[in-house]
Amino acid sequence: MAEPYVIKMPQLSDTMTEGVIVSWEKNIGDKIERGTIVATVETDKAIMDVEVFRDGYLSGPLAAVDSTVPVGEAIAYLVASKEEVQEEGAAAPQATAEDKQPASDSTQAEEESRTEAAAEASPSAGAPEGAIYTIAMQQLSDTMTEGVVVSWEKQPGDKIKRGTVVAQVETDKAIMDVEVFREGYLSGPMAAVDSTVAVGEPMAYLVESPEQVVREEMKVSGAAAAPAQAEASASPTRKTTPAAPVPAGSLNTGGAPAPRPSGRAATPYARKLAGQRGIDLNTVSGSGPRGAIQAQDVMGAQPMASGGGIREVDVPGNGRPMNKLEAAISQAMTDSLTMPTFRVTAHIRLGALIKAAKAQGVSVTVAIAKACALAMAKYPKMNWCYQPKNKLVERSNVDVGMAVAADGGGLVVPVLRNCESRELDELNEDWKDLVERARKRRLKPEEYQGSTFQVSNMGMFGVSHFDAIATPGIAAILAISANAEQGSPFTITGDHRVVNGADVAMYLGELKGFIEQPEAWMGPTGPAIPEGKWDYDVVVIGGGPGGEDCARDLAGHGLKVALVNDSPFPGGECLWRGCIPSKAWRAAADRIRDRHEDAHLGVMGTTKATLDWGKLEATRRQVLETRGDMALKTDKGVKIQYIQGFARFADDHHVIIDKSGNQDDPHTRAGQGDGKKGDKVSFGCAVVATGAPPFVPPIPGAREGLGQGGGVLTSDTVWGLEEQPKKLVVIGGGAIGLEMAQLMQDFGAKVTLLEAKDRILAEVEPEIAKHLTAVLNDDPRLDVHTSVSIDKISGKAGNMQVAYKDSEGKAHKIKADYVIMGTGKRPVLDGLDVDKAGIATDGPAIKADARCRTNVPHIFAIGDVIGGYMLAHTAAQQGRVAAMTILGEDMKYDQDKDCGVIFTRPEAAFVGLSVEQAKAKGIDAVEVKVPMNIDAKAMINNELHGMIKIVADKQSHRIVGVHLLADHADTLIGEAVMMVSGDMTLEQVANAIHPHPTQTELFGELARRLLARLRRSRK
Ligand SMILES: Cc1cc2nc3c(=O)[nH]c(=O)nc-3n(C[C@H](O)[C@H](O)[C@H](O)COP(=O)(O)OP(=O)(O)OC[C@H]3O[C@@H](n4cnc5c(N)ncnc54)[C@H](O)[C@@H]3O)c2cc1C
C-alpha cells in the first residue's frame, strides 16, 4: 500500500496556531483531483477553502466538523486507491514521513516567509511621506497571485494599534482579515474596495502622525479602471484593478464566481459554485461563521429562474446594517417568496390540553408539538418538503420548530427533535433547556436549523387571528391564535407543491382530535368514572389473574367493585386449567427426571421411580381448591362483591348477570347459561377480563374429536384424564404444547410433537428456541417435528390416528392414545354482547391501548381477551394498569419489559427484547452470552444445557433484554426482570455483589464481559 498523503490544517497567517473545520466539501471515498477543494476551515481571522494539489481518494479519519485542529496536524488523508480508503473512526493510515511533506498544499515554511515578507515590507515608491509601514496583499497560498479588497474596516486617519484588523481581502480560496502588527495612523493611497491587488503590492500605509495621513484612493492601471480612477497615472508597482461590479440579483451562469452577497461573506468555493449554478448569493442563507455562505448552503439553494431575482427597492435614508439574526430572518422571509402557499383555518379547543399539560407538569407548547407529530402519523405529507427541482423529501422524523421571542427582540426558532417517537416528559426537558438558551441567543446552529414543521403560538398575546409565513424546507407552518368561544383559530400556511387544501383540512381534523381529547395519548387527567348513580363504581367481568388483581386494586382504593365470574371460585384459567395445574404435573415430572441424575453424584438405587397418577391428581386438585378458597376469602375480605354468573353487556353502563349456567365444579370451564334472564346491574366503569379459551384449528377431525369419548384434548379438558397416557401426539410447539409434551414423556409416555411452523416458541429468542428443540429431541421418548402439515385426526379416546406430511412432503401416520391440541388460545366474545356497549374489536380480541382503555372511555379490557402475550402476569399487570387509569393515575403496560417462562427442562425464559427486536426499535443493541456448562453448580447437578444472554444498548449500556435456557431459569429470571424493568446499566449489574456460589454470578460476569468488549471496540 502506498503511503497516504496527509491533508493538514493550513497556516493562513503567522499568528495562526489552530483552525476549526467548518465543513467537508467531499466525502470519504471521493476521488480527488489536483486543485479540488475538500473542506472549509475557519480561524480567528479567515475562512478558507482547503484545496488539495494531489490526486487520490479522500480517506478517513476526517477531523470532525466544528473540531479545532492545530496548524500542521492531519485533518484527513489521501490514499492512492479506493481499496485503501479508511472509514470514519478507523485508525489513521500510516502517513508519509512528516518532513517529506508540506504542512498543507502550499508549503508552510514558504508561506510563512512570504507572509512575513509582505507584512514587513518597507514603504514602497508610491508611499506617502512619513510612511512607516506598507500594508501589502499577503500571499495565503502558493498558488495565490492576487487578492480582492472586500472591505476596509478602518478609515484613513484611524489610529491603528498592534493586532488591529484593518481590512478584509478575498482570494480564490479564502476570505481573510488583514491584521496589522505595527502602530501608526492608517493612510492612503488605499486600494479601492473591489479592486484586485497583486500579492506583495501595497493596499495602504501606516504613517507616524495624523498630519501625514493621505486620504486618497490608490491609482489603478489598465483599461478596467473605474471612472474616478481613470485619470490616475499608471504605476508599474501598483497593479490594482477594480473588480467588475455585478448588481445584486443578476445571474452569472458561466464558470465565473457569483458576485459577493451584500452585507455577508461567502467562501470563494461557494461563490464559484453559485457562479456555475446561476445562484444569486443574496437569496441564500449562510450557515458558516457569522452567517457566511458556504458551499453546502449553495448546494441546497434554488437557482433563480432566468431573468428572475428579487428587485431591491431603493429606500431613502441611512440604514444601519442588520445584525446576524435580523439578516437571517430577512433572508428566510425573502426566500419564502419562492413558495406557492395557501392558508386553512380550523377552530380547536385548547382547554383539555392545557389542563392535561398542567397535570403532567409539561409545557402546553410541547404538548401541542407532540400532538402535531401524532397527527402526522396519519397525514405524513405535512412533514415533507419540496426540494428543488421537482423533488419531494419524505421525512419520518418530526422535528418541530417553535418560535420563541429572544431577549432584546427578534424571533428564534429552536427545534424540538423526533417529536414522533420521544415521550412527552423527555421532550419537555429538552424544550426547557432550548427555550432558556434561545432567549439568550445561545443556540448552536443545529439547534435552530432543519425543522421539518413549524409552530407559532401567539395565543398568549390575545391576537384573534394571524397566519405565519412558511419558509423553504418545510411544507407547513401552524399559527395558533387566542382561545375564543368556538376554540382557538389554528391556521396552517401550506406549500401547495407538497400539500393541498384537503390534506391540510383533514390534518387539522386529526389534530383537533388529539388536542381536544388529550387523555387518549397523554394519560388520565382525573378519575375515569363518569358522574352518575351506579350500582357499582366498577364492574369487573372475569375472575382470572387480570380481573382479580384489577378488582383488588380498585377496592383497595375505596371503590365499590363487583367481580363477576362464571365459576364458584376466582382464579380463572390460570388457577384451574393453566399455570398452576400444569406446574403440579411439572413438579412430579421433575422428581422423576432428577432421579436420573442421582447416580451422577453417587446416590444409587433411586432410578426406578413410578408415578401414582391418582395420588398426583389428588394433590393437584387439593392445591387448586385451597388456593381458590383462599382467593375468594381474600376478595370478600377486601370488600369485593364476588358474583358467580355469566355477564353480558346490555348497554355501555349495564350488564346482565346470567346465573343459569352456574355450576359447582370450579375445575371445568362453565357454560354461558341460556341467556333468558339475569340481574341487570349498572356501572360507572367496566373492565372486561374474560380470558381466551383454547383454540382448535379446523384440521379435519380435530373439532369432531373434542366431544365426550373423543380422543382430542385441550388445555381445558386434559385435566380430566383418569390415568396417565402411554402414547401421545401433541399438536403445536408453543409453551402449552411443549410443556405438556415433555412432562408426559417424563411420566413415561411416548410423545410426538408436530409443529406447522419451521420453529417452536415463536415468542422466544431464536437461538434459545433452536437449542431447546435440540435438547427436547435428545429426550428418549420425545420427537419434535417442525414444518409439518396435519392432514387428518381420527379415532376414539385410547385409539387415535394422526396423518401428517413432514417438511419434505412425505406422508406419515402415528397412533396414539390421545391427541392434545396446543394450538394457541383465542378470545371468544360471543355471548358477551360487546357491540351493545359499542366496544370495538380487533379480530377476535377487544381493542385496547397501553392504558387498557377500549374505544369507550369508561370501559377497559385486560389480559388474554386483548391478545398480545397471553400470560397470567401480563393479565395481572394490565389489571393494575386499568385500575390506576380508572383512578386517574398515569400507568401504562409496556410489552418491551414483559417476560415469560416456558416450564420445560431446561426452562426457556425471557425478559425484554432480543437483539433483533431491539434493533427494529432503533436501539443500537449488542448481546453477550455464556453457556451454562461453564458454571460450577450446573456441573455439580449435571444441568449443563443452555445459556444466558444479555442484550444491551451500546450507547447507554442500558440492559434491554435477558434470555435464558437453563434449569432454574424460573428463579434466575427474577434478577433479569429487575434489570430490564429498572432500566439498569451494565455497570450497575457488573458492580453488584452477587452471592457465591450461585448462578446469579453469571449476570455480573456477563455484564463485565460485555463492558470490556465495548471498551475494546471503542479503541
Ligand atoms: C396449560 C396452560 C398453562 C399455562 N401456564 C402459564 C404459565 O406458566 N405462566 C403464565 O403466565 N401463564 C400461563 N398460562 C396462561 C394463563 O393461564 C392465562 O394467560 C391467564 O390465565 C389469563 O388471565 P385472564 O385474567 O386474562 O383470563 P382467565 O384466567 O382466562 O380468566 C377469565 C375468567 O373469566 C371467566 N369468564 C369468561 N367470560 C365470562 C363472562 N362473560 N362472565 C363472567 N365470567 C366470564 C372465565 O371463565 C375465567 O374464569 C397457561 C395456560 C394454560 C392453558
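Okay, so let's go over this structure. On a predicted model such as this, the values are computed, not experimentally measured, just so you know.

Reading the values: the criteria
- Residue positions are given per chain, counting from 1 as you read along its sequence in written order.
- Whole-chain, interface and lining totals are the exception, using all residues; otherwise, since this is a predicted model, local features are given only for residues with pLDDT of at least 70 and side-chain atom pairs are given and counted only at 80 or more.
- Only hydrogens and water are removed before side-chain values are computed, so all heavy atoms of the structure are retained for them.
- Strands here mean DSSP runs of E at least two residues long; helices mean DSSP runs of H or I at least four residues long; both are numbered from the N terminus.
- A helix is expected to span 1.5 Å multiplied by its residue count minus one.
- For each residue, the accessible area found with a 1.4 Å probe, counting protein chains only, is set against the maximum for its type, and the residue is called buried under 20%, exposed over 50%, and partly exposed in between.
- What makes a patch is a set of residues exposed beyond 30% relative accessible area and free of salt bridges, joined within 9 Å when like-charged and within 5 Å when nonpolar (Val, Leu, Ile, Met, Phe, Trp, Tyr).
- For accessible areas, the Shrake-Rupley method is used with a probe of radius 1.4 Å. Any residue's cover is judged against the shown protein chains and nothing else.
- Should a side-chain nitrogen of Lys or Arg be within 4 Å of a carboxyl oxygen of Asp or Glu, the pair is scored as a salt bridge.
- Any N or O atom pair separated by 3.5 Å or less is treated as a polar contact, with the protein-specific requirement of one donor-capable and one acceptor-capable atom, and with residues adjacent in sequence counted only for side-chain atom pairs.
- For two strands to be treated as a pair, DSSP must find at least two bridges joining them.
- Of all possible arcs, the one meant is that of the directions from the helix axis to the C-beta atoms.
- What makes a residue near a molecule or strand is one non-hydrogen atom of that residue sitting within 4 Å of it.
- Charged means Asp, Glu, Lys or Arg here, nonpolar means Ala, Val, Leu, Ile, Met, Phe, Trp, Tyr, Cys or Pro, and polar covers whatever is left, Gly included.

**Thoughts on helix α15 (residues 735-747)**
Inference 1: A rise of 1.5 Å per residue sets the reference length of α15, with its 13 residues, at 18 Å; its end C-alpha atoms lie 18 Å apart and thus fit the reference within 8%.
Inference 2: Burial analysis of α15 places 11 of its 13 residues in the buried class, the great majority of the element.
Inference 3: Among the residues of α15, those classed as buried are G737, L738, E739, M740, A741, Q742, L743, M744, Q745, D746 and F747.
Inference 4: Positive backbone phi, approximately 120°, marks G748, located one or two places after α15.

**Section: a nonpolar patch on the surface**
Inference 1: On the surface, I329, M333, L411 and I469 cluster together into a nonpolar patch covering about 320 Å² of accessible area.
Inference 2: With respect to the secondary-structure elements, L411 resides in strand β23 (residues 411-412).
Inference 3: L411 gets classed as partly exposed once you look at its relative accessible area, which sits at 46%.

**Thoughts on the environment of E765**
Inference 1: Looking at where E765 falls in the secondary structure, it is placed in the loop between β36 (750-754) and α16 (766-778).
Inference 2: E765 gets classed as buried once you look at its relative accessible area, which sits at 6%.
Inference 3: Separated by 198 residues in sequence, E765 and H963 have C-alpha atoms that sit 7.0 Å apart.
Inference 4: In this structure the side chain of E765 is engaged in a polar contact, spanning 2.7 Å, whose partner is the side chain of K949.

**Observations concerning the sheet that holds strand β3 (residues 31-32)**
Inference 1: Read from one edge to the other, the open sheet built from 4 strands follows the order β1-β8-β6-β3, with strand pairing classed as antiparallel. Each edge of the sheet is formed by a strand with only one pairing partner; in this case those strands are β1 (5-8) and β3.
Inference 2: As judged from the 3 bridges shared by strand β6 (residues 56-59) and strand β8 (residues 74-79), these two strands associate in the antiparallel manner. Bridge pairing in β8 places Y57 opposite V79.

**Some details on helix α4 (residues 324-336)**
Each turn of an α-helix holds 3.6 residues, which means side chains three or four residues apart point in the same direction.
Inference 1: Under the 1.5 Å per step criterion, the end-to-end length of α4 is 18 Å for 13 residues, consistent within 8% with the ideal 18 Å.
Inference 2: Restricting attention to buried positions, one finds in α4 the residues Q331, D335 and S336. Looking straight down α4, one finds its buried side chains confined to an arc of 140°; they lie on one side.

**Points about the site of the ligand**
Inference 1: Near the ligand you find 34 residues, and of these D566, K583, A647, D864 and A872 are the closest.
Inference 2: Here an oxygen atom of the ligand and a side-chain polar atom of E573 are 3.0 Å apart.
Inference 3: In the model, an oxygen atom of the ligand is placed 3.5 Å from a nitrogen or oxygen of the H873 side chain.
Inference 4: In the shell around the ligand, the residues fall into 15 nonpolar, 14 polar and 5 charged.

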